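# Descriptive structure summary
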Amino acid sequence: MRAVRGPAPGPRTPRAIQLARVLSPGPDYVEHLHERYGDAFVLHFESRPWTVLAHPDLIREVFTARPEIVHAGEANEILRTALGAHSVLLLDGREHLRQRRLLLPPFHGERLAAQRASMERIAAERVRRFPPGRDFALRPHMTAITLEIILETILGTDAGDERAAMAAPLTGLLEWFGGRSSLLPSVMFGPDNRFVIQHQRRVLDPVFAELERLIARRRGSGGLEDREDVLSMLLLARDEDGTGLTDAELRDQLMTLMVAGHETTATALSWAFERLTRAPAALAQLEAEARGGAQRAYAEAVCRETLRLRPVLNNVLRTLQAPLEVGGVVYPKGVVLAPSIVLVHRRGDIYPDPLAFRPERWLGVTPGTYTWIPFGGGVRRCIGASFALQEMEVVLQAVARAVHLEPVGGDESPVPRFITSAPSRGGMVRVAA
Ligand code: HEM
C-alpha cells in the first residue's frame with residue numbers, strides 16, 4: 001500500500017486567535033502559513049476545520065471532481081433567509097445544475113454585448129458626479145454604478161417610478177449586506193434562529209414585495225422577446241422538459257444575482273483604481289487607450305491583474321459528500337476543502353514578481369483555468385464572470401477617458417467587508433486639476 005502524508009496539521013493556536021488573524025487586514029497570515037506548511041494545510045477558526053489548498057494541481061482535482069461529491073451550497077447556508085431556498089448559490093446536485101443552466105444564457109455572447117451601451121452610459125453619467133477639487137472615496141460611486149446597472153440590465157426596470165420603487169429598498173438591503181456584521185447573528189445563532197430571521201426580514205421584505213410585483217407585471221406585459229434585460233430572458237427560459245422558472249424560483253435567483261453581483265464588482269473596481277493610481281505608467285496607458293478609440297486590450301489586462309493581485313474573495317469552499325483523493329491524499333466525507341484564490345495568485349512560480357501590479361503580464365496571454373481563479377471554478381464558477389469583466393472594463397475606460405485620478409495617502413490594505421476583501425479606506429482619490 002502507498003503511504004501518503006495528509007495535509008500539514010497547520011497552526012495549533014486557539015480557534016479565536018486563528019479567527020482574529022484570518023480577519024486581520026491583508027493575506028499575511030495565510031501567506032505565512034503557506035510558507036511554513038506547504039500547499040495543503042488545516043485552519044481551525046470555524047466550527048469545521050478548513051483544508052486550505054494553494055497549488056493549481058490540487059485545485060484542479062477539486063474543481064473537476066463529480067458535483068455530487070463536492071458540494072458548495074452547504075457553505076452558503078447563512079444566506080438562506082436572504083436569498084431563498086431556490087437560490088443557485090445554496091443548491092447542490094441536480095437541482096443546482098438545472099437552475100444554473102436556466103440562468104447562464106443571458107450572461108454570455110450577444111446577449112451580454114447588448115448590455116454594453118447601458119453600462120457605458122451609466123458609467124459616464126456617474127463620472128460627471130465625481131467631486132472636483134477634494135479627496136473622496138471611490139467605493140460609494142462604484143456601488144452606485146453597479147446598482148444602476150443591476151436595475152437597468154438585470155431587472156430591466158423602466159426609468160422613472162418603477163426604478164425608484166425598486167431602488168429605495170434595494171439600496172437599503174445592499175448597504176446592510178455590505179456592513180461588516182450583517183451576517184454575524186446568522187453565523188453565531190444559525191440561519192434558522194427565529195430572531196435572526198425576524199431581524200433580516202425587516203430589510204428583506206420590502207425588496208421581496210417589490211420583486212414579486214415586478215415579476216407579475218413583466219409576466220403579464222408581453223413582448224418579452226424584444227427586451228434585453230436578464231429578467232425578461234429568464235421568464236422565457238425553458239429546460240429540456242419545457243419547464244420554466246416559477247415565480248418563487250425567479251425571485252430567489254434575482255436576489256442571488258443582485259447580492260452576488262453588486263458588492264463584488266464594486267469592490268473589484270475600487271481596487272482597480274487603488275492600484276492604478278499608484279502605478280502611474282499603467283494608468284497613463286489605460287488613459288491613452290480609453291481616449292484613443294476602440295481598443296480594449298489594456299483595460300482587460302488591468303481587470304485581470306486587479307483580480308489576480310486583489311481578488312475580491314480569498315477562497316471558495318467545497319464540502320465533501322464522499323471520500324475524495326486530492327494530491328494523493330484521500331479526504332473523508334465531511335471535510336471542507338478551501339481552494340485559496342489569494343495564495344495561488346501570489347505564487348512566484350506562476351507569476352514572476354507576484355506582488356507587483358503589472359497589467360502588461362496579461363497582454364496576449366489567456367488566463368489559466370486553475371492558475372487565475374478569481375471567479376472560482378468547475379460547475380460552480382461564477383455565473384456573472386463575463387458580465388463583471390465587461391462591466392469593469394467599461395467603467396475603467398469611462399473613468400480614464402474623462403478624468404485623471406491621483407492617489408490619496410499610502411497603499412490601502414485589504415479588509416473584510418461582508419464576504420469580500422475591500423480597500424481599507426474605500427479607494428481614496430482626487431481628480432487632478
Ligand atoms: C468582480 C466581480 C465578481 C467576482 C470576483 C465574483 C466571484 C465569484 C466567486 C468566487 C464565486 C464562487 C465560485 C465557486 O464556488 O467556485 C461566484 C459565484 C457566483 N457569482 Fe460571482 N463574482 C462576481 C460578480 C458576479 C456578478 C456580476 C454576478 C451576476 C450578476 C455574479 C453571480 C454569481 C452567481 C449566481 C454565483 C453562484 C454560481 C453557482 O453556485 O453555480 N457574480 N462569484
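First, a word on scope: everything that follows refers to the structure included in this document. Every value quoted in this text rests on a predicted model; they were computed, and no experiment measured them. (Residues numbered from 1 in each chain as written. Predicted model: local features only at pLDDT ≥ 70, side-chain atom pairs only at ≥ 80, totals over all residues. Heavy atoms only, no water.)

## Brief notes about helix H9 (residues 161-178)
The terminal C-alpha atoms of H9, which comprises 18 residues, lie 26 Å apart, in line with the 26 Å expected from a rise of 1.5 Å per residue. Remark: the principal bend of H9, roughly 25 degrees, maps to Ala167, with a proline, Pro169, within the next four residues. Lining the buried residues of H9 we find helix H4 (80-83), helix H8 (139-154), helix H11 (194-221), helix H13 (247-276) and strand S10 (414-417). (Helix = DSSP H or I, 4+ residues; strand = E, 2+ residues; numbered from the N terminus. Expected span 1.5 Å × (residues − 1). Bend = angle between axes of the 7 residues up to and from the residue. Contact = heavy atoms within 4.5 Å.)

## Details of the layout of surface pockets
Taken as a whole, the second largest pocket encloses approximately 240 Å³ of empty space. Taken together, 14 residues form the lining of the second largest pocket, with Gly6, Pro7, Asp39, Ala40 and Leu58 sitting closest to its centre. Its residues placed into classes, the lining of the second largest pocket shows nine nonpolar, three polar and two charged. (1 Å grid on protein atoms, 1.4 Å probe; cavity = no way out; pocket = protein on both sides within 12 Å on 5 of 7 lines; lining within 4 Å. Points joined across faces, edges and corners; volume = space filled by probe spheres on them. Nonpolar A, V, L, I, M, F, W, Y, C, P; charged D, E, K, R; others polar.)

## A short note on the site of the ligand
Near the ligand, the surroundings consist of 27 residues, among which His96, Arg100, Arg318, Gly377 and Cys382 are the closest. In the model, an oxygen atom of the ligand is placed 3.0 Å from a nitrogen or oxygen of the Arg380 side chain. Looking at the shell around the ligand, the elements with two or more residues in it are helix H5 (93-103), H13 and helix H17 (385-402). By residue number, the principal contributor to the shell around the ligand is H13, which donates six residues. Along the lines of polarity and charge, the residues of the shell around the ligand split into 17 nonpolar, seven polar and three charged. (Near = heavy atom within 4 Å. Polar contact = N/O pair within 3.5 Å; in protein donor to acceptor, adjacent residues only side chain to side chain.)

## A word on the packing of H11 against H13
Each pair of packed helices gets described by two things: the angle between the helix axes and the distance between those axes. For the pair H11 and H13, the least separation of the axes is 10 Å and the interaxial angle reads 120 degrees. For the element pair H11 / H13, the angle class is oblique. When the axes of H11 and H13 are compared, the crossing they make is right-handed. For the pair formed by H11 and H13, the contact residues are Leu204, Val207, Phe208, Leu211, Glu212, Ile215 and Arg219 on the first element and Asp247, Leu250, Arg251, Leu254, Met255 and Met258 on the second. Residue classes in the contact of H11 with H13 are distributed as nine nonpolar, no polar and four charged. (Axes fitted to C-alpha atoms, helices over the stretch in contact; angles between N-to-C directions. Parallel < 35°, antiparallel > 145°, perpendicular 65-115°, else oblique. Left-handed = near helix turned anticlockwise from the far one by under 90°.)

## With respect to the packing of aromatic side chains
Any pair of aromatic rings gets described here by the distance separating the centres and the angle formed by the planes. Inspection of every chain in the model, using the stated rule, returns seven aromatic pairs. Note on Phe107 and Phe387: the rings are 5.7 Å apart at their centroids and 75 degrees apart in plane angle, and the pair reads as edge-to-face. Here Phe107 is found in the loop between H5 and helix H6 (109-113), whereas its partner Phe387 is found in helix H17, with 280 residues between them in sequence. Each of the two residues, Phe107 as well as Phe387, counts as buried. Against the face of Phe208 rests Arg251, its NZ or CZ located 3.9 Å from the ring centre. Above the face of the Tyr351 ring, Arg308 is positioned so that its terminal group lies 5.0 Å from the ring centre. (Phe/Tyr/Trp six-rings, centres within 6.5 Å; stacked < 30°, edge-to-face > 60°. Buried < 20%, exposed > 50% of the residue type's maximum accessible area, 1.4 Å probe, protein only. Lys NZ or Arg CZ within 6 Å of the ring centre and 35° of its normal.)

## A word on unusual backbone geometry
One non-glycine residue, Asp353, lies in the positive phi region at around 50 degrees. Considering the arrangement of structural elements, one finds Asp353 in the loop between helix H16 (341-345) and H17.

## Points about the sheet that holds strand S2 (residues 50-53)
Working definition: the strands of a sheet are paired by backbone hydrogen bonds and lie parallel or antiparallel to each other. Within the open sheet, the five strands sit side by side as S1-S2-S8-S5-S3. Their pairing is mixed. Two strands in the sheet have a free side with no partner beyond their single neighbour: strand S1 (40-43) and strand S3 (70-71). Strands in contact with helix H3 (residues 56-63) are S1, S2, S3, strand S5 (318-320) and strand S8 (336-339); relative to S8, the strand with the most contacts, it is inclined by about 125 degrees. (Pairing = 2+ DSSP bridges.)

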